[in-house]
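The residues making up each chain are set out below.
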Amino acid sequence: MSGLNFPGIWAIYRTEMARTRRTILQSVATAFIVPGLIMLTLLTQGISNASIAIYFPKFTKTIYELLSAPISSTEAVFAYVGAAATKSVLIGLIILLTATFFVHLRIMHPGWMIAFLILTALTFALFGFIIGIWAENFEQLAVIPALVVTPLTFLGGAFYSIDMLPQPWRTVSLFNPVVYLVSGFRWSFYGVGDVGVAASLGFVVGFMVLCLAWLWWIFRTGYRLKP
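It should be emphasised that the depicted structure is a prediction, and the values quoted were computed from it without experimental measurement.

## Thoughts on the overall build of the protein chain
Along its length, the protein chain carries eight helices and zero strands. Counting helices and strands in the order they occur from the N terminus, the protein chain gives α-α-α-α-α-α-α-α. The buried share of the protein chain, reckoned over its 227 residues, is 37%.

Below is the structure:
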């Protein structure tokens, strides 16, 4: 047996180590987008679950049974929105758990992470409930999630930091409400965000209050609920 081919061994070793470094960078990048991926899921699932839940009783005309049942409008909203938000949170937690098998995740502020998770799920379940009441057909049911919410999510820093954007696009991005959702949730993981955590929390709470006021008006007037 001749001597070992150290140059060949070194060449292969160096190539594999270079690949490892690339993999590490990919893992870091993947860890960065996990909060954005969860937030995307919360928004889309919260809206779709709640909107479909209330739209189908309208579509099948069983909504009148709900309206005449011995249950208040507030209780009905609690039930529908609570169920939709719970589904969204469970899916988000499953994504988070699955991600831990592939990347190293650290959650610096677990309490705030849970708070943002629940508040966002509830808020967009409320928004989805409103869409379900407003929609008169399946096309209207899908138009806002598909043409408004999803594009705003992809352009809202879900998979990148808006600090990477040149001016004036970074300033323009600050008018995207999803930026505040993603930033606050990412801050709970890593302690950094594109905007202040107070602004993120304020937006979520403010939008929730707006949705609650909107629903109060809908049930007070019977908008698209009564013939």
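Once the structure has been displayed, the description carries forward.
## Quick word on the layout of surface pockets
What the largest pocket holds in volume is close to 190 Å³. Around the largest pocket sit 12 residues that line it, and Lys58, Lys61, Tyr64, Ala135 and Arg224 are the ones nearest its centre. Every element with two or more residues in the lining of the largest pocket is listed here: α1 (6-59) and α2 (63-68). Per element, the largest residue contribution to the lining of the largest pocket is three residues, and it comes from α1. Along the lines of polarity and charge, the residues of the lining of the largest pocket split into seven nonpolar, no polar and five charged.

## What about the packing of aromatic side chains?
Under the defined criterion, the tally for this structure stands at 19 aromatic pairs. Taken together, a centroid distance of 5.6 Å and an interplanar angle of 40 degrees make the contact between Phe154 and Phe159 tilted. For Phe159, a relative accessible area of 27% puts it in the partly exposed group. Three or more aromatic residues joined by ring pairs form one cluster here, namely Phe124, Phe127, Tyr180, Phe203 and Phe207.

## Concerning the pattern of salt bridges
Close approach of charged atoms allows side chains of opposite charge to pair. All told, the structure shown has two salt bridges when counted by the stated rule. For the salt bridge of Glu136 with Arg224, the shortest nitrogen-to-oxygen distance reads 3.6 Å. One end of the pair, Glu136, is in the loop between α4 (110-134) and α5 (138-154); the other, Arg224, is in the segment after α8 (197-221), and 88 residues separate them in sequence. A relative accessible area of 53% means that Glu136 is categorised as exposed.

## Here we look at helix α3 (residues 73-99)
Under the 1.5 Å per step criterion, the end-to-end length of α3 is 39 Å for 27 residues, consistent within 8% with the ideal 39 Å. All of the buried residues along α3 are Ala76, Val77, Val81, Ala84, Ala85, Ser88, Val89, Gly92, Leu96 and Ala99.

## Describing the side chain of Ser51
Here Ser51 is to be found in helix α1. Of the residues examined, Ser51 reaches a relative accessible area of 2% and is grouped as buried. At 3.2 Å, the side chain of Ser51 forms a polar contact with the backbone oxygen of Ser48. Apart from residues lying up to four places away in sequence, Ser51 is in contact with Gly128, Phe129, Ile131, Gly132 and Leu141.

## Section: the packing of α4 against α5
Between α4 and α5, the least distance of the axes is 8 Å, while the angle of their chain directions is 135 degrees. When the axes of α4 and α5 are compared, the pair comes out oblique. For the pair α4 and α5, contact is made by Phe127, Ile131, Gly132 and Trp134 and by Gln140, Leu141, Val143, Ile144 and Val149, respectively.

## Here we look at the packing of α4 against α8
Where α4 contacts α8, the two axes come as close as 9 Å, and the packing angle between them is 30 degrees. Considering the angle they form, α4 stands roughly parallel to α8. Between α4 and α8 lies a crossing of left-handed hand. Contact residues: Trp112, Phe116, Leu119, Thr120, Leu122, Thr123, Phe124, Leu126, Phe127, Phe129, Ile130 and Ile133 in α4; Val197, Ser200, Leu201, Val204, Phe207, Met208, Cys211, Leu212, Trp214, Leu215, Ile218 and Phe219 in α8.

## What to know about unusual backbone geometry
With an omega of 5 degrees, the peptide bond running from Gln167 to Pro168 counts as cis. Within the secondary structure, Pro168 sits in the loop between α5 and α6 (169-173). Phi is positive for Lys61, close to 70 degrees, though the residue is something other than glycine. Its relative accessible area of 54% is what places Lys61 among the exposed residues.

The rules behind the values
Residues numbered from 1 in each chain as written. Predicted model: local features only at pLDDT ≥ 70, side-chain atom pairs only at ≥ 80, totals over all residues. Heavy atoms only, no water. Helix = DSSP H or I, 4+ residues; strand = E, 2+ residues; numbered from the N terminus. Buried < 20%, exposed > 50% of the residue type's maximum accessible area, 1.4 Å probe, protein only. 1 Å grid on protein atoms, 1.4 Å probe; cavity = no way out; pocket = protein on both sides within 12 Å on 5 of 7 lines; lining within 4 Å. Points joined across faces, edges and corners; volume = space filled by probe spheres on them. Nonpolar A, V, L, I, M, F, W, Y, C, P; charged D, E, K, R; others polar. Phe/Tyr/Trp six-rings, centres within 6.5 Å; stacked < 30°, edge-to-face > 60°. Salt bridge = Lys/Arg side-chain N within 4 Å of Asp/Glu carboxyl O. Expected span 1.5 Å × (residues − 1). Polar contact = N/O pair within 3.5 Å; in protein donor to acceptor, adjacent residues only side chain to side chain. Contact = heavy atoms within 4.5 Å. Axes fitted to C-alpha atoms, helices over the stretch in contact; angles between N-to-C directions. Parallel < 35°, antiparallel > 145°, perpendicular 65-115°, else oblique. Left-handed = near helix turned anticlockwise from the far one by under 90°.

Geometric values such as these leave the question of function open.
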